[in-house]
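Architecture at a glance
The residues making up each chain are set out below.
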Amino acid sequence: ILGWGPEFLDDRAWRELDADLRSSPPTHIVVDPYVESFILRRRPAVMNWIHSTYQVAFVGATGTWYEIRGGQ
């Protein structure tokens, strides 16, 4: 979600984000440390899903870039 402010997402938005990612997984996801802290506090299942579905492609100044495993 470009330009999102994770601190402004309510529980419904976190559930929708989780469902949207699972139903239509993007090929790549970028998670910066700031956003990751919110994911882990508000919806840790999203980070668990990312770790099980994606592999780390690159870690840089913008965050961790994940690519989907095995072309799922």
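Quick note: structure is the one above.
Conventions adopted
Residues numbered from 1 in each chain as written. Predicted model: local features only at pLDDT ≥ 70, side-chain atom pairs only at ≥ 80, totals over all residues. Heavy atoms only, no water. Helix = DSSP H or I, 4+ residues; strand = E, 2+ residues; numbered from the N terminus. Contact = heavy atoms within 4.5 Å. Phe/Tyr/Trp six-rings, centres within 6.5 Å; stacked < 30°, edge-to-face > 60°. Buried < 20%, exposed > 50% of the residue type's maximum accessible area, 1.4 Å probe, protein only. Pairing = 2+ DSSP bridges. Axes fitted to C-alpha atoms, helices over the stretch in contact; angles between N-to-C directions.

A look at the environment of Glu 36
- Examined against the element boundaries, Glu 36 turns out to sit in helix α2 (residues 33-42).
- For Glu 36 and Asp 18, which are 18 residues apart along the polypeptide, the C-alpha to C-alpha distance reads 14 Å.
- Not counting residues within four places of it along the chain, the set of residues in contact with Glu 36 comprises Val 31 and Met 47.

A few points about the packing of aromatic side chains
- Per the counting criterion, the structure on display carries two aromatic pairs.
- Look at Tyr 34 and Phe 38: their rings are 5.1 Å apart centre to centre, the planes differ by 65°, and that puts the pair in the edge-to-face class. Remark: Phe 38 and Tyr 34 occur in helix α2; sequence separation between them is four residues, near one turn of the helix.
- Given the relative accessible area of 12%, Phe 38 is considered buried.
- Centre to centre, the rings of Trp 49 and Tyr 54 are 5.4 Å apart; their planes meet at 70°, and the pair counts as edge-to-face. Comparing Trp 49 with Tyr 54 shows no difference in burial state: the two are buried.

What about the sheet that holds strand β3 (residues 63-68)?
- Sheet architecture is open: three strands sit in the order β1-β3-β2, paired in antiparallel fashion. For this open sheet the edge positions go to β1 (28-31) and β2 (54-60), each flanked by a neighbour on one side alone. Across the sheet, the mean angle from the axis of one strand to that of its neighbour is 25°, orientation sign disregarded.
- Here four bridges tie β1 to β3, and the two strands are oriented antiparallel to one another. Paired with Val 31 across the two strands is Thr 64, which belongs to β3.

On their own, these measurements won't tell you what the molecule is for.
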